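Topology and contacts: notes
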Amino acid sequence: MGKPETPWVLGLSAAHNGGACLLHGTEIVAAVQEERLSGIKRDRTYGASVSLATEYCLRHAGIGPGQLDAIVLCVQGEAGHAEQDVSLNHQLRQCFNGIPALRISHHLGHAISAYAVSGFSDAAILVVDGMGSPEQDLSEEERRAVIGAPCGWEIISAYEASGTTVRPIAKQLVPEGKWLDRAGEGMPSFGSIGGMYSAVAQQIFGNPMDAGKVMGLAPFGTPSFQPHEFVSVTNGLATFSTAVPERFRHSDRWPLRQREYADLAASVQSALEEAILALVSRLRASSTSAYLCYSGGVALNCLVNERLMHESGFSDVFVAPFAEDSGPAVGAAFYGLWRHRRHRPARLVSEGFGHRYGPSEVREAIRSIPLVAVCPDRDVTDIADVTADRLERGQLGAWFDGRSELGPRALGQRSIVADPRRAEHKVRLNRDVKQREAFRPFAPSVLAEHVHTWFDVDEARCDSPFMLRTFTFQPGCGSRVPAVAHVDDSARVQSVHEEFQPRFHALIRRFHERTGVPMILNTSLNGSGQPIVETPSDALWTMLELGLNFAVIEGVLVEPAADFDSILGLVPVIAAESYTVDYSFLPGPTTSVKSRASAVDFKVVTPWGSRLQPLTAEALSVLAVIDGVATGHEIHERLQRDQNDELTAAQVTRTMRFLRRTRIVDFRARLPSIPLVGRQEVAAS
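The sections below set out a description of the structure shown in this document. (Residues numbered from 1 in each chain as written. Predicted model: local features only at pLDDT ≥ 70, side-chain atom pairs only at ≥ 80, totals over all residues. Heavy atoms only, no water.)

**Some remarks on the sheet that holds strand β6 (residues 122-128)**
Heads up, the condition is: Strands pair, by our definition, only if DSSP identifies at least two bridges between them. Numbered from the N terminus, helices here are DSSP runs of H or I no shorter than four residues, and strands are runs of E no shorter than two. The contact rule is simple, with two residues in contact once any of their heavy atoms fall within 4.5 Å. To get an axis, fit a line to the C-alpha atoms, keeping to the stretch in contact for a helix; angles then go from 0 to 180 degrees between the N-to-C directions.
Strand order across the open sheet formed by six strands is β7-β9-β8-β6-β14-β15, with mixed pairing between neighbours. The sheet is open, and its two borders are formed by β7 (146-147) and β15 (316-319), each paired with just one other strand. Across two bridges, the pairing between β7 and strand β9 (residues 165-174) is parallel. Across the sheet, residue V146 finds its bridge partner in β9, namely K171. Along the sheet, helix α8 (residues 302-311) contacts β14 (291-295) and β15; its crossing angle with β15, the most-contacted strand, is approximately 160°.

**What to know about the nonpolar core**
Let me state the cut-off plainly: For our purposes a nonpolar core is just a set of buried Ala, Val, Leu, Ile, Met, Phe, Trp, Tyr and Cys residues, chained together by side-chain atoms within 4.5 Å. Only protein chains enter the accessibility calculation, which uses a 1.4 Å probe; a residue whose area is less than 20% of its type maximum is buried, one above 50% is exposed, and one in between is partly exposed.
L68, F455, F473, L540 and L659 are the most contacted members of the largest nonpolar core, which has 117 residues in total. Among the elements that make up this core, the one with the highest residue count is helix α15 (residues 536-546) (six residues). In this structure, F473 is in contact with W454, F455, D456, G478, V481, V484, A485, D489, S490, A491 and M519, ignoring residues within four places of it in sequence. Within the second largest apolar cluster, 102 residues are counted, among which are A31, I155, I276 and A299.

**Describing the packing of aromatic side chains**
What counts here: Aromatic rings from Phe, Tyr and Trp, taking only the six-membered ring of Trp, are treated as a pair when their centres fall within 6.5 Å; an angle between ring planes under 30 degrees marks them as stacked, one over 60 as edge-to-face, and anything in between as tilted. Throughout this description, the term charge over a ring refers to an Arg CZ or Lys NZ atom that lies within 6 Å of the ring centre and within 35 degrees of the ring normal.
Evaluated as defined, the whole model comprises 20 aromatic pairs. Through successive ring pairs, a cluster of aromatic residues spans F190, F225, F230, F240, F248 and Y261. A cation sits over an aromatic face here: R284 above F314, 4.9 Å from the ring centre. The aromatic ring of F400 is capped on one face by R414, whose charged end is 3.7 Å from the ring centroid.

**Let's talk about the pattern of salt bridges**
Operational definition: What makes a salt bridge here is a side-chain nitrogen of Lys or Arg within 4 Å of a carboxyl oxygen of Asp or Glu, nothing more.
Under the definition given, this model contains 40 salt bridges. The salt bridge involving E160 is made with R167; its shortest N-O contact spans 3.1 Å. The class of R167 is partly exposed, set by a relative accessible area of 36%. Notably, a salt bridge pairs R440 with E437, separated by 3.3 Å at the nearest N-O pair. There is no split in this pair, since R440 and E437 are both buried. Ionic contacts of the salt-bridge type, sharing partners, join the residues D385, D389, E392, R393 and R514 into one network.

**Examining helix α3 (residues 106-116)**
Counted residue by residue, α3 has 11 buried out of 11 residues, so it is predominantly covered. Along α3, the residues classified as buried are H106, H107, L108, G109, H110, A111, I112, S113, A114, Y115 and A116.

**A few points about the sheet that holds strand β1 (residues 8-14)**
Spatially, the five strands line up as an open sheet ordered β3-β2-β1-β4-β5, and their pairing is mixed. Two strands in the sheet have a free side with no partner beyond their single neighbour: β3 (27-33) and β5 (101-104). Adjacent strand axes in the sheet meet at a mean angle of 15° when their direction is disregarded. Pairing analysis gives six bridges linking β1 to strand β4 (residues 70-75), with the strands arranged parallel. When the sheet's bridge partners are listed, S13 is paired in β4 with C74.

**Focus: α15**
Counting buried residues in α15 gives 10 out of 11 residues, a clear majority hidden from the surface. Downstream of α15 by one or two residues, G547 has phi in the positive range, about 75°.

**With respect to the environment of Y56**
How we decide: Polar contact is defined as a pair of N or O atoms within 3.5 Å, subject to the rule that within protein one atom must be able to donate a hydrogen and the other to accept it, and that residues adjacent in sequence are counted only when both atoms are side-chain atoms.
Counting through the fold element by element, Y56 comes out in helix α2 (residues 52-61). Residue classification places Y56 among the buried residues on the basis of a relative accessible area of 3%. Through-space distance from the C-alpha of Y56 to that of Y159 is 32 Å; in sequence the pair is 103 residues apart. Side-chain polar atoms of Y56 contact the backbone nitrogen of H355, separated by 2.6 Å. Side-chain polar atoms of Y56 contact the side chain of E534, separated by 2.6 Å.

**Examining the packing of helix α11 (residues 383-392) against helix α14 (residues 502-515)**
Where we set the bar: Roughly parallel refers to an angle under 35 degrees, roughly antiparallel to one over 145, roughly perpendicular to one between 65 and 115, and oblique to any angle outside these ranges. Here a crossing is taken to be left-handed if its near helix is turned anticlockwise relative to the far helix by less than a right angle, and right-handed if that turn runs clockwise. Only Asp, Glu, Lys and Arg are considered charged, only Ala, Val, Leu, Ile, Met, Phe, Trp, Tyr, Cys and Pro nonpolar, and every remaining residue, Gly among them, polar.
For the pair α11 and α14, interaxial distance at closest approach is 8 Å and the crossing angle is 50°. Here α11 is positioned oblique relative to α14, judged by the angle of their axes. Where α11 crosses over α14, the handedness of that crossing is right-handed. Only R503, A506, L507, R510, F511, R514 and T515 of α14 make contact with α11, whose side of the interface consists of I383, A384, D385, T387, A388, D389, L391 and E392. A class-by-class count of the residues in the contact of α11 with α14 yields seven nonpolar, two polar and six charged.

**Focus on the environment of G327**
Looking at the secondary structure, you find G327 in the loop between β15 and α9 (328-338). Under the relative-accessibility criterion, G327 is labelled buried at 0%. For the pair G327 and P441, spaced 114 residues apart in the sequence, the C-alpha separation amounts to 25 Å.

**Considering the pairing of strand β22 (residues 519-524)**
The element β22 is extensively covered by neighbouring structure, given that six of its six residues are classed as buried. Here strand β19 (residues 443-447) runs beside β22; their pairing, made up of four bridges, is antiparallel. Across the sheet, V446 pairs through a bridge with M519, a residue of β22.

**Quick look at the pairing of strand β12 (residues 231-234)**
By the bridge criterion, four bridges tie β12 to strand β13 (residues 237-240) in an arrangement that is antiparallel. Considered in β13, the bridge of S232 is made with T239. Between β12 and the antiparallel strand that follows it, β13, lie two residues; N235 among them carries a positive phi value of about 50°.

**Some points on the side chain of R440**
Counting through the fold element by element, R440 comes out in the loop between α12 (423-433) and β19. Assessed through its relative accessible area of 17%, R440 is described here as buried. If we ignore the near neighbours within four places in the chain, the residues touching R440 are K213, K426 and N430.

Put into structure tokens, the structure is as follows:
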């Protein structure tokens with residue numbers, strides 16, 4: 001790379017929740033997770049493969065790959081595999097004309113992602129997750145910082161940063177396959193702090209990725225195990241115990257054993273807090289900086305974060321809002337930039353890096369979706385007041401405003417909003433809309449100027465713009481907003497500033513004027529197992545699928561048509577461009593198709609390019625009877641009658657949502673017969 005005044009740098013995170021970040025000089029021009037574009041929750045990306053996120057960022061900037069000045073890849077996993085070789089990625093082939101294609105370790109990507117946007121000119125940095133890069137992918141400087149066993153995969157890393165230099169000072173590794181060992185029956189053993197929390201999530205809910213559920217369940221219990229029965233930290237080195245996994249040699253899942261599992265969740269939460277505080281205490285003792293940056297998937301635990309704010313010993317703590325595995329794309333991009341530019345610290349104050357959809361795109365989305373109607377009061381000048389009125393009357397709405405967030409939190413750009421005073425909303429949202437466990441809490445978005453009057457927190461340290469802190473309500477306040485007050489009278493708070501989110505702030509202000517409550521319930525605009533929506537079309541379909549009363553899309557008020565009942569009343573039409581059958585993948589004489597993944601890949605077209613989408617056997621069975629004429633209800637009846645299939649209407653609905661979200665099918669009002677589109681390409685073994 002030469003030394004342009006404002007270079008274009010593309011950072012890529014190749015991980016189980018991958019994404020891309022495009023810098024122009026120090027400005028984050030665009031950043032997005034792959035999952036929001038593909039419709040697949042925690043979609044994994046690879047350095048050698050075409051990425052929708054990359055195309056999204058380049059299109060938003062209006063540049064081609066040949067205009068990039070550097071590409072930096074951060075891999076969660078083994079970077080030496082051919083699937084991570086960026087030079088094999090034909091999407092970026094125009095780039096390889098002498099510009100550097102660099103590579104950094106996973107934890108270094110996390111570390112820089114937090115430090116670069118913290119506003120600090122120097123900092124101590126802690127990264128904690130399940131597992132990052134293997135020892136062979138670390139820099140020589142990182143290898144020299146390893147404490148404990150010299151071989152394995154990074155699980156805990158400490159760095160010191162000053163200017164554009166980020167130096168490793170301690171790094172702990174875990175042997176391959178031991179961060180979470182699911183061999184055998186019952187709770188997995190674990191060898192990392194992230195793995196510890198994942199093991200409990202696996203035991204309680206059957207999915208190691210359900211850490212957020214464990215955090216939500218913890219306040220319902222009382223610790224029944226001591227922290228050292230999970231993990232001990234001595235001289236900065238974490239040692240893990242098998243005492244707790246040995247107590248759970250069964251596979252009973254929630255909602256069984258509710259008391260026992262609530263206590264288990266409380267126990268692992270206590271162990272997590274003590275371990276992180278011990279690591280931070282040692283880091284504070286050895287660091288010359290007064291500031292701490294914290295990242296990695298474990299940094300999404302708000303209960304730990306709140307303790308760090310008060311007990312870390314650092315004068316200020318910054319937690320990256322994209323602390324999970326989309327964040328290293330930001331870190332990778334800044335790593336590439338800093339090779340030629342000095343660090344100009346600026347605190348991240350607003351977390352929207354996606355594309356802003358204009359009026360024409362909103363109108364086209366409304367026009368293209370059947371049974372969606374623009375409300376008669378669309379010409380009102382105060383959309384915030386109209387929306388606040390609907391919330392006050394008990395309606396649930398989608399709020400789509402501005403550029404999409406990077407990371408797992410909906411912050412008023414892609415949100416479901418509701419009246420926090422109505423306890424029934426918590427029940428309805430959990431049971432009917434989000435289809436999740438009844439104990440799961442919802443967050444309040446609060447006018448920044450009112451946070452300290454409603455919560456027991458120092459006015460000088462009450463800012464929480466990224467919903468990464470937990471506050472306790474002032475006495476008597478939590479009972480006024482039961483839909484967002486958790487069982488321990490706490491809430492995961494987002495403080496909303498007028499300067500940075502004027503339209504969302506106006507909505508909450510209008511609600512405050514009507515009700516005396518300066519907050520609204522805010523949860524992510526997605527259904528169970530789905531990523532948060534990205535486009536206006538995604539938002540409108542989600543309104544229909546989840547049964548919301550209305551949506552505000554960039555200031556336009558929309559609601560389901562009066563005769564809309566269910567997406568099963570619409571006609572699904574195959575929209576995939578083609579499909580490929582891999583006969584080497586079909587079941588043999590001793591296996592069934594339901595025991596396998598998919599032997600069929602569908603080529604689907606998105607606004608950011610095409611991709612291949614495999615299907616489960618259940619989805620294929622539904623897709624097989626789509627003829628472009630029958631409604632979803634008729635397809636369900638046909639499956640039951642002709643195939644003696646046991647699929648319920650709810651299962652068919654869920655499958656139809658998935659097929660729509662991944663762009664394999666589209667929906668229309670009833671039309672004359674439409675032939676299937678596409679051709680068959682056979683990949684024989």
